[in-house]
Structure formats: structure tokens, C-alpha cells
Amino acid sequence: NAGVTQTPKFQVLKTGQSMTLQCAQDMNHEYMSWYRQDPGMGLRLIHYSVGAGITDQGEVPNGYNVSRSTTEDFPLRLLSAAPSQTSVYFCASRRDYSYEQYFGPGTRLTVT
Amino acid sequence: GESVGLHLPTLSVQEGDNSIINCAYSNSASDYFIWYKQESGKGPQFIIDIRSNMDKRQGQRVTVLLNKTVKHLSLQIAATQPGDSAVYFCAENWGSQGNLIFGKGTKLSVKP
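Presented here is a report on the structure given in the accompanying data block. (Residues numbered from 1 in each chain as written. Chains lettered and ligands numbered in written order. Predicted model: local features only at pLDDT ≥ 70, side-chain atom pairs only at ≥ 80, totals over all residues. Heavy atoms only, no water.)

1. A look at the sheet that holds strand 7 (residues 64-66) of chain A
Residues and elements named next belong to chain A.
Item 1. One open sheet accounts for four strands, arranged 1-3-8-7; its pairing is antiparallel. In this open sheet, the two strands that pair with only one neighbour each are strand 1 (4-7) and strand 7. Sheet twist, expressed as the average angle between the axes of neighbouring strands with direction ignored, equals 20°.
Item 2. Summarising the sheet, strand 7 and strand 8 (residues 76-78) pair through three bridges and their orientation is antiparallel. Across the sheet, the residue bridging to Asn65 is Arg77, located in strand 8. (Pairing = 2+ DSSP bridges. Helix = DSSP H or I, 4+ residues; strand = E, 2+ residues; numbered from the N terminus. Axes fitted to C-alpha atoms, helices over the stretch in contact; angles between N-to-C directions.)

Written as C-alpha cells, this is what we have:
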């Protein structure tokens with residue numbers, strides 16, 4: 001299994017641009033989530049999904065959209081990037097009835 | 001704000017010594033706690049977890065202790081090795097969907 005994969009690894013955007021961060025998992029996990037990690041801070045939950053067609057907001061959802069059309073994929077969309085969204089983004093997934101989340105390698109995003 | 005925090009942001013230990021990383025939590029209703037290790041440039045990796053009905057759990061060279069009275073969690077690493085150098089995060093469960101809230105992390109440096 002590849003586990004949780006994320007693309008791209010690095011991205012630079014200008015303020016106002018849009019983009020989609022891709023996340024896929026091949027473990028047939030129902031639950032998937034997106035976190036952002038800023039220097040000196042822990043991971044903060046942006047959005048999560050408990051299954052295909054179901055998404056919900058986490059701690060810091062503003063400025064981000066998600067959708068879950070398949071069990072495998074959980075893309076994160078930035079509609080109009082802002083410098084405050086400069087961060088490292090991690091996608092994670094887990095099995096039902098388990099709290100242990102498996103993380104992807106991350107996407108480092110810089111917004112200028 | 002985050003309910004999970006750490007007493008020490010950095011910890012430096014000699015190779016072969018034992019390491020203790022501490023974590024405080026504020027939500028007495030949390031019933032699951034987990035430690036993750038994050039190496040530079042990588043996503044967090046699961047180390048060990050513990051449920052609130054336990055006081056102690058041991059893994060390979062790692063032990064997690066839970067003191068519910070003072071809402072304190074600690075990770076002990078025996079015979080610390082250079083490969084243990086990383087940032088360590090504690091997390092607790094949050095909400096009814098199995099989400100995790102992370103602390104800010106402790107950076108462990110191992111001196112040869």
C-alpha cells in the first residue's frame with residue numbers, strides 16, 4: 001500500500017490565486033482529514049470527512065473548501081489564496097472505530 | 001484555543017539517557033490520547049496511544065503515562081538514540097467524530 005499520498009510537495013501562489021491540494025489513500029479508510037501546521041504550533045484541523053459525500057468543518061475552516069466524492073480522494077481547495085494560508089498542509093486518514101490517523105508527507109504552500 | 005499543551009518546547013538529552021516529554025490537557029472528558037513523532041520534512045508518525053481507563057501503556061522503548069487527576073500525559077523514551085531526534089506531539093480526542101486536537105510539540109535533540 002502507498003498509504004496516504006499528497007501532491008504537490010511544494011507550491012508557491014500569488015495572493016488571490018486558487019489551487020487544489022490533492023490527497024489520496026489506498027487503505028479503504030472512511031475517515032479523512034486536513035490539517036495545517038504553522039511554525040511553533042501543533043496541527044490544526046481544517047476539514048474532515050467521515051465518508052464519501054460527507055464533510056464537516058474543523059477548527060480553522062475559513063478560506064478552504066473540501067469535497068469527498070470517493071472513499072479514496074479528499075482534495076482541499078483554496079479559492080482565493082491569502083498570505084495567512086502560508087503553511088504546511090497534511091492530509092490524514094483512519095479506519096472506523098480507531099483514533100489512530102495515518103498522515104501523508106505534507107504540502108508546503110507559500111502565498112506571496 | 002487548544003486544550004492540549006506542553007510544559008517544555010525543547011528537550012536535549014545525551015544518547016543512551018532516558019527522555020521524558022510532558023503534556024497537559026484541559027478537557028476532562030477526553031478518553032483517548034496519542035503521541036506522534038514528526039521528523040524534519042515528514043508527516044507525523046504514530047508512536048503509542050492510551051485510553052482513559054488505563055494509567056500506563058508500554059511499547060518498544062516507549063511508555064506513556066496518564067494521570068487523570070492532574071490531567072497530565074507523559075511519554076518516556078528509554079535509551080534515547082539519535083534516531084529519536086524529532087518533534088513529539090501529544091493529541092487528545094475531540095468531538096464525537098473521532099477528531100484529534102494536537103499540542104504544540106516538543107523538539108527532542110539527542111546529543112551523541
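2. Observations regarding the nonpolar core
Taken as a class, soluble globular proteins show a tendency for nonpolar side chains to be buried jointly.
Item 1. Trp35, Ile47, Ile48, Leu73, Leu75, Tyr88 and Leu108 of chain B are the most contacted members of the largest nonpolar core, which has 21 residues in total.
Item 2. For this core, the secondary-structure elements that each account for two or more residues are strand 2 (10-14), strand 3 (19-25), strand 4 (32-38), strand 5 (45-51), strand 7 (62-67), strand 8 (72-77), strand 9 (86-94) and strand 11 (106-111) of chain B.
Item 3. The next biggest cluster of nonpolar side chains, apart from the first, holds 18 residues, and it includes Met19, Trp34, Tyr64 and Phe74 of chain A. (Core = buried A, V, L, I, M, F, W, Y, C linked by side-chain atoms within 4.5 Å. Buried < 20%, exposed > 50% of the residue type's maximum accessible area, 1.4 Å probe, protein only.)

3. Digging into the packing of aromatic side chains
Item 1. Taken as a whole, this structure holds eleven aromatic pairs over all chains when the rule is applied.
Item 2. Pairing Tyr31 of chain A with Tyr48 of chain A gives two aromatic rings, centres 6.1 Å apart and planes at 25°, and the pair type is stacked. Pair noted here: Tyr31 of chain A is in strand 4 (residues 31-37) and Tyr48 of chain A is in strand 5 (residues 43-51), with a separation of 17 residues, a long-range link. Of the two residues examined, Tyr31 of chain A and Tyr48 of chain A, each falls in the buried class.
Item 3. When the ring of Phe89 of chain B is compared with that of Phe102 of chain B, the centres are 6.5 Å apart and the planes differ by 80°; the resulting orientation is edge-to-face. Pair noted here: Phe89 of chain B is in strand 9 and Phe102 of chain B is in strand 10 (residues 99-102), with a separation of 13 residues, a long-range link. Here the two residues Phe89 of chain B and Phe102 of chain B agree in accessibility, since each one is buried.
Item 4. Members of the aromatic cluster, joined through ring pairs, are Tyr35 and Phe103 of chain A together with Tyr36, Phe46, Phe89 and Phe102 of chain B. (Phe/Tyr/Trp six-rings, centres within 6.5 Å; stacked < 30°, edge-to-face > 60°.)

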